[in-house]
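In case you want the letters, here they are:
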Amino acid sequence: MLVATSVTYAQQSWTVDSCIAYAIAHSNDLGRARIEQRQSSYDEKTAKLDLLPTVYGQVSGQYAWGRNIDPETNTYNTITTFNNYYTLEASLDVFDGGQTLNAFKRAKNAREQSATAYQKAADDKAINVMTKFVDAVYNAKSVALAEEKLADSQVLLHKTQRLFEMGEKSRPDVVQMESQVKEDEYNLLHQQNQARLTLLALKSEMHYPIADTLALAVKSQPAESETKNIQVHNINMCINPTVQLAEQKATDLKYAWLIERGNLLPKLTLGGGVQTSYYRNLTQGSAAASFGSQFHNNMGEYVYMTLSIPLFTPSRWRSARRAKSEWQKAVLDADDARRKLQDDIVQAEADRDGYGQEVAQMEAKVNSDSLAYHLSSRKYEEGMLSTFDLHTAAQTLLESRIKLLQTQLLYGLKQRLVEYYNGKPLW
């Protein structure tokens, strides 16, 4: 089954979306986040149960010998007795300074916070995969451009050798073209190594088997200069997991402060229960009443109320002040997160628009450089251009094509980021 799955992955054409989906499904960090999410759900249910009354039962048995009270006569005697006690009691905190209620609200917020943390971790993983995918595709396509450049240089070398044999080119021209071929071979080898390294980095980020083939496919995306209304950021700000996480952390610390403050307030507990007992005198050996009759006849009910007032608890005062300070700092951190997100949105839109304009300019430059190289090649064949000038034209065309490839990929990356900031999910 594993072999079949591996073959399927090797034959698949991997887009950026499929790479992201695979990375999220196989990430150990996200697996831990999912476990934390389930655990926080259990914690919320436990905190909810703490709002209910506490009920417990107690059974005890006791052998007593020597001087003790005879339950039948209520006088002191030197006897050996067996006592059996049964108690069922329930208690409820009528007022505890809001500690139990705030603990439940904190657990509920923790559950939401764990879900947001998972969302943020998944989004961060998606962005990392997108970045490494762009690097891998860029280097893979650069290999194709380097191969094409090498093929052109080899063709020109062959033509130069033929022209040298015909007496139309000199020996230095042939040597110069041989040097150009060697340079292109080195560039191709270097680019192939870079492509392998970036592909390994992508596999590592995806948690993909290193030995398996990963064939990348990129969809072409037209570059458009778009300007989004910055006011939409105020609407989408609340759905960004980074801001949500900062706000939920502030909420968590607020509940922590309220719980610590509740420790400084009085606590009122209401309780009640039933109890009964069974007794037998082992010294006198007299027949005791049956267990059933004693269990019924000795049964009693009780109700109690307890008021606990903290009078001098300096450590609690300090804990409450510390918790309040931590909450106030978290509120400021959340405000910083909102401001940073707004800056990131504006920066991403500026980058997207800038790359869109660069793509249009580079497409025109590639067309011009391609025409210039074609004319230079014709002039070189006719003996009207030196090998140095031809090399310059070829290198200019290669650099323009690589720059165009880079700006196209970066434009696609920034476009995805802008869409993400405006509410579109990455995965």
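This one's a predicted model, so the numbers in the text were calculated from it and none came from an experiment.

Caption draft 1: Representation of the overall build of the protein within the structure. Along its length, the protein carries 10 helices and 8 strands. Principal axes of the C-alpha set define a box for the protein whose edges measure 140 × 50 × 35 Å. Here the protein, with 427 residues, has 35% of them falling under the buried criterion. Within the protein, residue pairs in contact and separated by at least 24 positions form 82% of the contacts whose partners lie at least 6 positions apart. Total accessible area computed for the protein in this model is approximately 25,100 Å², and 55% of it derives from carbon and sulfur atoms. Separation between the mean location of the 47 positive side-chain charges and that of the 50 negative ones in the protein comes to 5 Å.

Caption draft 2: Fine view of the sheet that holds strand β7 (residues 267-281). The 4 strands lie next to each other as β2-β5-β7-β8, forming an open sheet whose pairing is antiparallel. Single-partner strands in this sheet number two, and they are β2 (54-64) and β8 (300-308). Between one strand axis and the next, the sheet turns by 25° as a mean value, whatever way the strands run. Across 14 bridges, the pairing between strand β5 (residues 81-95) and β7 is antiparallel. Residue Ala 90 lies in a different strand from β7, and its bridge partner there is Gly 272.

Caption draft 3: Local environment of the nonpolar core. In this structure, Trp 14, Ile 20, Val 129, Leu 202, Met 206 and Tyr 421 are the most contacted members of the largest nonpolar core, which totals 36 residues. Looking at this core, the elements that each hand over two or more residues are α2 (16-26), α3 (28-49), α4 (99-165), α5 (171-206), α9 (314-381) and α10 (387-421). If you tally residues by element for this core, the top one is α4, at 10 residues. Among the nonpolar cores identified, the runner-up in size contains 17 residues, and Leu 157, Val 181, Ala 195 and Leu 390 belong to it.

Caption draft 4: Representation of the packing of aromatic side chains. A full pass over the atoms with the stated rule returns 13 aromatic pairs. Aromatic pair Phe 82 and Tyr 278: ring centres 6.5 Å apart, planes at 65°, arrangement edge-to-face. Of the two residues, Phe 82 is situated in strand β5 and Tyr 278 in strand β7; the sequence distance between them amounts to 196 residues. According to the relative accessible area criterion, Phe 82 is partly exposed, its value standing at 21%. Among the residues examined, Tyr 278 registers a relative accessible area of 14% and is labelled buried. Between the aromatic rings of Phe 312 and Trp 317, the centroid separation amounts to 5.8 Å while the plane-to-plane angle is 85°, which identifies the pairing as edge-to-face. Take Phe 312: its relative accessible area is 63%, and that puts it in the exposed class. The structure contains a cluster of three or more aromatic residues connected by ring pairs, namely Tyr 63, Phe 82, Tyr 86, Tyr 278, Phe 291 and Phe 295.

Caption draft 5: Local environment of unusual backbone geometry. Phi angles above zero are rare outside glycine, and His 207 is one such case at about 60°. By the secondary structure assignment, His 207 is in the loop between α5 and β6 (215-216).

Caption draft 6: Region of the structure containing the side chain of Lys 149. Assignment of secondary structure puts Lys 149 in helix α4. Lys 149 has contacts with Gln 180, Asp 184, Ala 394, Gln 395 and Leu 398, leaving out every residue within four places of it along the chain.

Caption draft 7: Spatial organisation of the environment of Met 206. Here Met 206 shows up in helix α5. For Met 206, a relative accessible area of 0% translates into the label buried. Remark: the alpha-carbon pair of Met 206 and Cys 19, spanning 187 residues in sequence, is separated by 6.9 Å. In this structure, Met 206 is in contact with Trp 14, Cys 19, Tyr 22, Ala 23, His 26, Val 129 and Leu 214, ignoring residues within four places of it in sequence.

Caption draft 8: Region of the structure containing the confidence of the model for the protein. Across the protein, pLDDT averages 87, with 91% of residues at or above 70. Long-range and interchain partners of residues 222-235, a stretch whose pLDDT sits below 50, account for 25 contacts in this model, where long-range means more than four residues apart.

Caption draft 9: Looking closely at the pattern of salt bridges. Tallying each qualifying case throughout the model produces 20 salt bridges. With its nearest N and O atoms 3.1 Å apart, the salt bridge here joins Lys 125 to Glu 205. On the criterion of sequence distance, the pair formed by Lys 125 in helix α4 and Glu 205 in helix α5 is long-range, its members being 80 residues apart. We classify Lys 125 as buried; its relative accessible area is 15%. Residue classification places Glu 205 among the buried positions, given a relative accessible area of 16%. One salt bridge in this structure joins Lys 365 and Asp 369, with 2.8 Å as the shortest N-O distance. Of this pair, Lys 365 and Asp 369 both sit in helix α9, 4 residues apart, which is roughly one turn of that helix. Among the residues examined, Lys 365 registers a relative accessible area of 35% and is labelled partly exposed. With relative accessibility at 12%, the residue Asp 369 sits in the buried group. Taken together, the shared-partner salt bridges in this structure form one network comprising Lys 125, Lys 132 and Glu 205.

Caption draft 10: Representation of the environment of Leu 202 within the structure. As for its placement among the helices and strands, Leu 202 is situated in helix α5. Residue class for Leu 202 comes out buried when judged on its relative accessible area of 0%. Spatially, the C-alpha atoms of Leu 202 and Ala 23 are 9.7 Å apart, while their sequence positions differ by 179 residues. Not counting residues within four places of it along the chain, the set of residues in contact with Leu 202 comprises Val 129, Lys 132, Phe 133, Ala 136, Leu 214 and Leu 216.

Conventions we followed
- Residues numbered from 1 in each chain as written.
- Predicted model: local features only at pLDDT ≥ 70, side-chain atom pairs only at ≥ 80, totals over all residues.
- Heavy atoms only, no water.
- Helix = DSSP H or I, 4+ residues; strand = E, 2+ residues; numbered from the N terminus.
- Buried < 20%, exposed > 50% of the residue type's maximum accessible area, 1.4 Å probe, protein only.
- Contact = heavy atoms within 4.5 Å.
- Areas by Shrake-Rupley, 256 points an atom, 1.4 Å probe, with all protein chains shown as cover.
- Lys, Arg positive; Asp, Glu negative; His and termini not counted.
- Charge placed at Lys NZ, Arg CZ, Asp CG, Glu CD.
- Pairing = 2+ DSSP bridges.
- Axes fitted to C-alpha atoms, helices over the stretch in contact; angles between N-to-C directions.
- Core = buried A, V, L, I, M, F, W, Y, C linked by side-chain atoms within 4.5 Å.
- Phe/Tyr/Trp six-rings, centres within 6.5 Å; stacked < 30°, edge-to-face > 60°.
- pLDDT = per-residue confidence, 0-100.
- Salt bridge = Lys/Arg side-chain N within 4 Å of Asp/Glu carboxyl O.

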